[in-house]
Every structure is written in C-alpha cells, then in structure tokens.
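Structure at a glance
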Amino acid sequence: MNAPVLRQWKDSDLSPFARMNSDSEVMRYFLARMTQVEALETMTRMRATLDQRGWGVWAVEVDGEFAGMVGLNVPRWNLPFSPCVEVLWRFRNEFWGRGIAYAAASQAVEYGFSKVGLDEIVAFTTPPNLRSIRLMDRLGFLRDTKADFDHPAVPEGHSLRRHVLYRKRKP
C-alpha cells in the first residue's frame, strides 16, 4: 500500500462516496445515512470550498482508489469553542484498520499548521466512537474534558448529542 493521497474531488468519486455515506456501519455515529442527493450536495460543497479557499476536506485516494475523505473544516454550527477549525475524517470500511486514516489525518493536520497557519485544530465526536477517539489520541490531540458539549445539530435527548472535545496546538 502506498501512502494516501489527499486531492481535489473528481466526478468519479460520487458513487463510492455515496455508498460510503449510506453504509450503516460507517454512519453509525451520525444522525442519519446520506441519500445520493445529499452525498452529491456535500461533495459539491467540499469541492467548491477547496477551490475557493485552497484547503478544506479532501478526497483520499489509496492506490488509485477512492478510500474516503479527510480535512479541515470550519463547523457550520455555533459551538461553545467557536470560532475553530476541526480535523475530520470518514473512510469506506474496507480501508479501516490499515493506518490510512492516521496517515491522511496527519497530512491534513500538518497542512493546517504549516500552510494555513492555524494555531490550534480541534476534533470532536460522540463518546461511544472509540475508533475516532483512539485516532485523536494517536494524532497527539489532548482531551479537553471541561469543554465536552451537547452538539447543537443533535436533538435533545438523543444518545449522540453529547460530544467530547480534543485539541491540538501548533508545535
């Protein structure tokens, strides 16, 4: 396996991207799986952000195949620690457990600090998402237990509302 490549989105990514976002295991810690239309809208938005800003959420390619996405995102919600830039990732499950998420997210974090000039990057997820929490730890993010929060996009009373916050300062 070659190192993952972070790149601009291609039209040919839509089909595997939509399949990934409709997979119940991949989307386990999200409110809902995406429809084909939602996947297209999301991909179009990420593509436009990369074109306009020069950074954002990239498609990840491994050995010529679409593996998932990773990148830097400005959350659309007013979070208790806003303004901020988060690192995020999502991969097709056949690419799990191979170090690809770590390698790709490391590239995105390094880009955020060295090219974008960020002083801090955050990462957050719901507490049961241990796979992502382990990745945050491995990437050198530190848990900010005083800043755990209820996600404003998740309805009150929903099991996914509570989120844990991790931070990483520029080295």
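Our subject is the structure that appears above.
All of the points below concern the structure found in this document.

Calculation rules
Residues numbered from 1 in each chain as written. Predicted model: local features only at pLDDT ≥ 70, side-chain atom pairs only at ≥ 80, totals over all residues. Heavy atoms only, no water. Helix = DSSP H or I, 4+ residues; strand = E, 2+ residues; numbered from the N terminus. Rg over C-alpha atoms; globule rule 2.2 N^0.38 Å. Contact = heavy atoms within 4.5 Å. Areas by Shrake-Rupley, 256 points an atom, 1.4 Å probe, with all protein chains shown as cover. Expected span 1.5 Å × (residues − 1). Buried < 20%, exposed > 50% of the residue type's maximum accessible area, 1.4 Å probe, protein only. Arc of directions from axis to C-beta. Salt bridge = Lys/Arg side-chain N within 4 Å of Asp/Glu carboxyl O.

Here we come to the overall build of the chain. The helix and strand tally for the chain stands at 4 helices and 8 strands. Walking the chain from its N terminus toward its C terminus, one meets helices and strands in the order β-α-α-β-β-β-α-β-α-β-β-β. On C-alpha atoms alone, the chain measures out to a radius of gyration of 15 Å, which is about the 16 Å that the 2.2 N^0.38 rule sets for 171 residues. In terms of principal-axis extent, the alpha carbons of the chain reach across some 40 × 35 × 30 Å. Within the chain, residue pairs in contact and separated by at least 24 positions form 64% of the contacts whose partners lie at least 6 positions apart. Within the structure as shown, the chain displays about 9,100 Å² of accessible surface, and the carbon and sulfur contribution to it stands at 49%.

Right, let's talk about helix α3 (residues 100-116) for a bit. The end-to-end C-alpha separation of α3 is 23 Å, in line with the 24 Å expected for 17 residues at 1.5 Å each. Residues of α3 that are buried: Ile 100, Ala 104, Ala 105, Ala 108, Val 109, Gly 112 and Phe 113. Where α3 is buried, its residues touch β1 (5-7), β2 (57-62), β3 (65-73), β4 (86-91), β5 (120-125) and β8 (162-169). The positive-phi residue at the C-terminal boundary of α3 is Gly 117, with phi of around 85°.

Quick look at helix α2 (residues 36-53) now. Structural remark: α-helix, 3.6 residues per turn; residues separated by three or four positions point the same way. Over its 18 residues, α2 runs 26 Å from end to end, which matches the ideal 26 Å to within 8%, given 1.5 Å per residue. Of all the residues in α2, the buried ones are Ala 39, Thr 42, Met 43, Met 46 and Leu 50. Considered in projection along α2, the buried side chains sweep an arc of 95° and stay on one side of the axis. Projecting away from the buried face of α2 at angles above 90 degrees are the exposed residues Val 37, Asp 51 and Gln 52.

Another aspect to go through is the pattern of salt bridges. A complete count under the given rule lists 11 salt bridges for this structure. Residue Arg 7 pairs with Glu 61 through a salt bridge whose shortest N-O separation is 2.5 Å. Remark: Glu 61 occurs in strand β2 and Arg 7 occurs in strand β1; sequence separation between them is 54 residues. For Arg 7, a relative accessible area of 13% puts it in the buried group. For the salt bridge of Asp 144 with Arg 167, the shortest nitrogen-to-oxygen distance reads 2.6 Å. Taken as a pair, Asp 144 in the loop between β6 (142-143) and β7 (149-150) and Arg 167 in strand β8 lie far apart in primary sequence, 23 residues in all.

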